[in-house]
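The lines below spell out each chain.
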Amino acid sequence: MIARAFEFLREMPKNELVPTLVTYNALINGLCKKGRLQEAEDLAVEITSRGLNHDVITYNSLIQGYIGLSNVSKSLELYETMKNMGIKPTLRTYHPLISGCCKMGLPMVEKIYGDMMCFNVAPDRVIYNSLIHAYVEHDDLDRATAFRDEMMNQRIDLDKMMLK
């Protein structure tokens, strides 16, 4: 499927079509989902060589991809680059980062969560589940319970994953 998408990308100029950021982001996302991060990075470089700028979707795809390969440090590097470029993170940025940072310890989880609050990104069920899981994994049941209570106060329903 990705091969066909790249075929289409190569054929676009022949048909006087110019690839847009949406075109590139779709390809980058597909490559990241397949774990083909070097190709995705190469395509991200091509974006800038064509005079386009990365957006939150570009970064979210790459961050998710690197978290999927357990390369949390590369995901954090991309996250910092994104912020330095003035691109505001979204929930889709924080979903993989918070769950991935759990392996790096609670201070990193707390830093990412603090950033999320500074950007006024409200946590959802996925974020709360990741936070609760992180604190349970690190034997901080008081903090885990506090996040569960906060989740309930925000009227976010508990789900089966949270109750395990």
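What counts, and where the lines are drawn
- Residues numbered from 1 in each chain as written.
- Predicted model: local features only at pLDDT ≥ 70, side-chain atom pairs only at ≥ 80, totals over all residues.
- Heavy atoms only, no water.
- Phe/Tyr/Trp six-rings, centres within 6.5 Å; stacked < 30°, edge-to-face > 60°.
- Helix = DSSP H or I, 4+ residues; strand = E, 2+ residues; numbered from the N terminus.
- Lys NZ or Arg CZ within 6 Å of the ring centre and 35° of its normal.
- Buried < 20%, exposed > 50% of the residue type's maximum accessible area, 1.4 Å probe, protein only.
- Contact = heavy atoms within 4.5 Å.
- Salt bridge = Lys/Arg side-chain N within 4 Å of Asp/Glu carboxyl O.
- Core = buried A, V, L, I, M, F, W, Y, C linked by side-chain atoms within 4.5 Å.
- Disulfide = S-S within 2.5 Å.
- Axes fitted to C-alpha atoms, helices over the stretch in contact; angles between N-to-C directions.
- Parallel < 35°, antiparallel > 145°, perpendicular 65-115°, else oblique.
- Left-handed = near helix turned anticlockwise from the far one by under 90°.
- Nonpolar A, V, L, I, M, F, W, Y, C, P; charged D, E, K, R; others polar.

Student: I would appreciate a short explanation of the packing of aromatic side chains in the present structure.
Tutor: What describes a pair of aromatic rings is the distance from one ring centre to the other and the angle between the planes of the rings. Tallying each qualifying case throughout the model produces four aromatic pairs. Look at tyrosine 113 and phenylalanine 147: their rings are 5.3 Å apart centre to centre, the planes differ by 90 degrees, and that puts the pair in the edge-to-face class. Of this pair, tyrosine 113 sits in helix 7 (residues 106-118) while phenylalanine 147 sits in helix 9 (residues 141-153), and the two are 34 residues apart along the sequence. Ring-pair connections join several aromatic residues into one group, and the members of that group are Tyr113, Tyr128, Tyr135 and Phe147. In this arrangement the basic side chain of arginine 143 is found over the ring face of tyrosine 135, its NZ or CZ atom lying 5.7 Å from the centre.

Student: What should I look at first to understand the side chain of histidine 95 in this one?
Tutor: Its place among the elements puts histidine 95 in helix 6 (residues 91-101). Take histidine 95: its relative accessible area is 19%, and that puts it in the buried class. Each residue touching histidine 95, except ones within four places of it in the same chain, is listed here: Asp124, Val126 and Ile127.

Student: Is there a simple way to explain the pattern of salt bridges in this structure?
Tutor: Side chains that differ in sign of charge can pair as their charged atoms come close. Considering all chains together, one arrives at 10 salt bridges under this definition. Between lysine 111 and aspartate 115 there is a salt bridge; the shortest N-O distance is 2.9 Å. Pair noted here: lysine 111 and aspartate 115 are both in helix 7, with a separation of four residues, about one helical turn. With a relative accessible area of 36%, lysine 111 lands in the partly exposed category. Among the salt bridges present, the one from aspartate 149 reaches arginine 148, with a minimum N-O distance of 2.6 Å. We classify aspartate 149 as partly exposed; its relative accessible area is 32%. Look at the salt bridges and you will find they share partners, linking Glu80, Lys83, Lys111 and Asp115 into a network.

Student: Quick question: what am I supposed to make of the nonpolar core here?
Tutor: When a protein is soluble and globular, its nonpolar side chains tend to lie buried together. The biggest cluster of nonpolar side chains holds 48 residues, and the ones touching the most others in it are Ile28, Leu43, Leu62, Tyr94, Ile98 and Ile112. Beyond its immediate sequence surroundings of up to four residues, isoleucine 28 is in contact with Ala40, Leu43, Ala44, Ile47, Thr58, Ser61 and Leu62.

Student: Explain the state of the cysteines to me, please; I cannot follow it from the model alone.
Tutor: Such a bond, covalent and formed between the sulfur atoms of two cysteines, is termed a disulfide. Considering all chains together, one arrives at zero disulfides under this definition. A disulfide-free cysteine, cysteine 101 has its sulfur positioned 9.1 Å from the sulfur of cysteine 102, the nearest such atom. Residue cysteine 101 is classed as buried on the basis of its relative accessible area, which comes to 0%.

Student: Can you walk me through the packing of helix 5 (residues 72-84) against helix 6 in this structure?
Tutor: Think of two packed helices as two axes; the pair is described by the angle between the axes and how far apart they sit. Where helix 5 contacts helix 6, the two axes come as close as 10 Å, and the packing angle between them is 140 degrees. By the criterion of interaxial angle, the relationship of helix 5 to helix 6 is oblique. Regarding helix 5 and helix 6, the two cross each other, and that crossing is left-handed. Residues Val72, Ser75, Leu76, Tyr79 and Met82 of helix 5 pack against Thr93, Tyr94, Leu97, Gly100 and Cys101 of helix 6.

Student: Sorry, what's going on with the packing of helix 1 (residues 2-11) against helix 2 (residues 21-33) here?
Tutor: Taken N-terminus to C-terminus, the directions of helix 1 and helix 2 make an angle of 155 degrees; their axes are 10 Å apart at the nearest point. Looking at the two axes, helix 1 sits roughly antiparallel to helix 2. Along this stretch, helix 1 crosses helix 2, giving a crossing that reads as left-handed. Residue-level inspection shows Ile2, Ala5, Phe6 and Leu9 of helix 1 in contact with helix 2, the latter providing Thr23, Tyr24, Leu27, Gly30 and Leu31. Of the residues contributing to the contact of helix 1 with helix 2, the split by class is seven nonpolar, two polar and no charged.

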